[in-house]
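Tertiary structure, described
As a plain string of letters, each chain reads:
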Amino acid sequence: MTGTTTPITYATYDTLVQYNPKTKAYIGVVAKSWEVTPSSIKFQLRSDVKCRDGSAFTPTDIAASLKAYTDPKTGSPYATRWLGKAPLTFTADDAGSTLTITAAEPFGALLAGLKMVPLVCPAGLKDRAKLASGAEGSGPYELADSKPGLSYTLKLRDDYTWGPSGMTSGAPGVPETIVLKVINSDATAANELLAGTIDVSGLGGVDAQRVQSNKSIAKTVVATQGQWSVVGNEAAGHVTADPEVRHALFQAIDRRALLLAYLGATASDVELGTSVLPPNMPGYDASTKELVPQFSPDAAKATLSAAGWTESGGHWTKDGKVLQVRVIGAGWGNANEYLASQLKNIGVDVKLSVTDDNGWLADLSSGNYDITIFPIDNSIEAPTGVMSFYVGALPPAGTNFIRNGDAELSALADKAAASVGAEADKLWATVQTKLLRNYDLLPWQVPVTSIYTSPKVTLQINGLPSTLAIRRTKG
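Structure report, in brief. All of these numbers come straight from a predicted model, not from anything done at the bench.

Rules and cut-offs
Residues numbered from 1 in each chain as written. Predicted model: local features only at pLDDT ≥ 70, side-chain atom pairs only at ≥ 80, totals over all residues. Heavy atoms only, no water. Pairing = 2+ DSSP bridges. Helix = DSSP H or I, 4+ residues; strand = E, 2+ residues; numbered from the N terminus. Disulfide = S-S within 2.5 Å. Buried < 20%, exposed > 50% of the residue type's maximum accessible area, 1.4 Å probe, protein only. Core = buried A, V, L, I, M, F, W, Y, C linked by side-chain atoms within 4.5 Å. Contact = heavy atoms within 4.5 Å. 1 Å grid on protein atoms, 1.4 Å probe; cavity = no way out; pocket = protein on both sides within 12 Å on 5 of 7 lines; lining within 4 Å. Points joined across faces, edges and corners; volume = space filled by probe spheres on them. Nonpolar A, V, L, I, M, F, W, Y, C, P; charged D, E, K, R; others polar. Phe/Tyr/Trp six-rings, centres within 6.5 Å; stacked < 30°, edge-to-face > 60°.

Description of the pairing of strand S15 (residues 315-318)
Bridge analysis of strand S14 (residues 310-312) against S15 gives three bridges, and the strand direction is antiparallel. Its bridge partner being in S15, Ser 312 is matched across the sheet by His 315. Connecting the antiparallel pair S14 and S15 is a turn made up of two residues, with Gly 313 showing a positive phi of about 65°. Bridge analysis of S15 against strand S16 (residues 321-322) gives two bridges, and the strand direction is antiparallel. If you follow Thr 317 over to S16, its bridge partner there is Val 322. What sits between the antiparallel neighbours S15 and S16 is a turn of two residues, in which Asp 319 has the positive phi angle 55°.

Notes on the sheet that holds S14
What the three strands build is an open sheet, ordered S14-S15-S16; its pairing is antiparallel. The sheet is open, and its two borders are formed by S14 and S16, each paired with just one other strand.

Observations regarding the state of the cysteines
Linking two cysteines covalently via their sulfur atoms produces the bond known as a disulfide. With the rule as written, the count across this model stands at one disulfide. Between the sulfur atoms of Cys 51 and its disulfide partner Cys 121 the distance amounts to 2.2 Å. In this structure, the disulfide formed by Cys 51 and Cys 121 twists by about -100° around the S-S bond and is classed as left-handed. Of this pair, Cys 51 sits in the loop between strand S4 (40-45) and helix H2 (59-70) while Cys 121 sits in the loop between helix H4 (110-114) and helix H5 (122-126); the two residues are 70 residues apart in sequence, bridging distant segments of the chain. The burial state of Cys 51 is the same as that of Cys 121; both residues are buried.

Observations concerning the nonpolar core
Nonpolar side chains in soluble globular proteins tend to be buried together. Ranked by size, the top nonpolar core spans 66 residues in total, and within it Leu 343, Phe 374, Tyr 390 and Leu 435 carry the most contacts. Looking at this core element by element, the count peaks at six residues for helix H16 (residues 421-437). Those residues in contact with Leu 343, other than ones at most four positions away along the chain, are Leu 249, Ala 252, Ile 253, Val 325, Val 327, Val 348 and Val 350. Residues Val 17, Ala 63, Leu 110 and Tyr 160 belong to the second largest nonpolar core, which totals 38 residues.

Considerations on empty space enclosed by the protein
According to the stated counting rule, one finds three cavities of 30 Å³ or more in the structure shown. Computed from the structure, the largest cavity encloses a volume of approximately 60 Å³. Contributing to the lining of the largest cavity are Tyr 10, Tyr 13, Asp 14, Thr 15, Gln 18, Val 29, Pro 164, Pro 465 and Leu 468. Considered class by class, the residues forming the lining of the largest cavity number six nonpolar, two polar and one charged. The space that makes up the second largest cavity amounts to roughly 40 Å³. Lining of the second largest cavity is provided by Val 36, Thr 37, Pro 38, Ser 39, Ser 40, Ile 41, Phe 107, Gly 108, Ala 109, Leu 110, Leu 111 and Val 420. At the level of secondary structure, the elements contributing two or more residues to the lining of the second largest cavity comprise strand S3 (31-37), S4 and H4.

Overview of the pairing of strand S19 (residues 371-376)
Of all six residues in S19, five are buried; the element is thus mostly enclosed. Judged from the six bridges that link them, strand S12 (residues 227-232) and S19 form a sheet pairing that is antiparallel. By the bridge assignment for S19, Gly 232 is matched with Ile 371. Bridge count for strand S17 (residues 324-330) against S19 is two bridges, and the pairing is parallel. Along S19, the bridge assignment pairs Val 327 with Ile 371.

Some points on the packing of aromatic side chains
Summed over the entire model, instances satisfying the criterion amount to 14 aromatic pairs. Taking the centre distance of 6.4 Å and the plane angle of 55° together, the rings of Trp 34 and Phe 43 count as tilted. Owing to a relative accessible area of 0%, Phe 43 belongs among the buried residues under this scheme. Within the aromatic cluster, the residues linked to one another by ring pairs are Trp 228, Tyr 262, Trp 332, Trp 360, Phe 374, Phe 389, Tyr 390, Phe 401 and Trp 444.

Digging into the layout of surface pockets
Its volume calculated, the second largest pocket comes out at about 850 Å³. Along its surface, the second largest pocket is lined by 27 residues, and Lys 85, Phe 107, Thr 384, Ser 388 and Asp 414 are the ones closest to its centre. Among the elements of the structure, helix H3 (79-83), helix H14 (383-387) and helix H15 (407-417) are those that each provide at least two residues to the lining of the second largest pocket. Looking at the lining of the second largest pocket residue by residue, the classes come out as 13 nonpolar, ten polar and four charged.

If you want it as structure tokens, here you go:
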């Protein structure tokens, strides 16, 4: 298995809630129920949760864990992204088994962010050195052995009865031991799956195709909370600052063919985007599908002509300036080259620069681009993370990398972020409509994670992290 940090964390630590993407609903873990307002959440907590050392995990303990997580001295890089920038107050009632979290300013994504925060038991807070090589949580597994960079062994607790979706340590098929191997190559992971020396791995590209040819190996496709798009730089001085130029460039792109250039045969697992947000995220607006530019080179040329550009000698000019765009990219199979070729086909002078991730990010952050694929992989099912790349503060103060300078739209997004429920969904729908009508992005693909399993195990994905979803079927 690759990517060890996340599976270890959510196997050894509990969270207050988890999220089921199929039902678009939160499910309780340590929390039984909750009441949400724009600036507070009151949790009714379970009273039977126990830490690894057997001690009770009380509301006061959980409040202390969350307070430590949000303390600037802790230095968590995700605290403000998941839980908002405003100070939080934690009020615990051990007798009533409740915990109330209040934000100094409204933040509608608080519940979504809390699903990501592992709850640390008092033993870990008292001696944080224990957390460097072990885990002090209330999760179903203990970290029994650690060989950093090589493997990690998880042992099932025999007293775990409060898991999400009814998970207990006594449920049929729950593995008593899970060994997480660090494998940095998809090719190596595929080889080990085919040889039977590992049972579970995520894979992509040609290595996934090799594994899929073995009918005994099962594939589980898990939706993510992100969406990849094609975007244009809207800063002054760039031809893509003109929405009609962006419109024409987007019309020149065959999104399905672009997906095939990126993923090859595994592209069939992936849906094309239809809005700014992915379909499994609260706030997604299905009606915006009609606003996504359709592939038509002829329509693209007509859009440019209507915007005052003149085609001559296979190129477009306006006011003596040639329509030239700098396309940047990193990795992504043959997608960058295909994107560039699509734009060249309608007469755009394309300068393609493909670097590594760091080089691409440097160009993106500095604004040294006109067109790029923009891969958003979001960890929480809340629109705030995705939208922060399209509205709000520009770099370096913010992450609005398309440099959309619409202050009114940013204010609307702030209002949506401070709302919850139907009101938030309505506001986010308006934000998506405005972004698409201004051709701020071309929704491309809703990425998925493909997990492959040997005949020895199955995955029972129901809003659970993949480690907790593993079930032994034989052997």
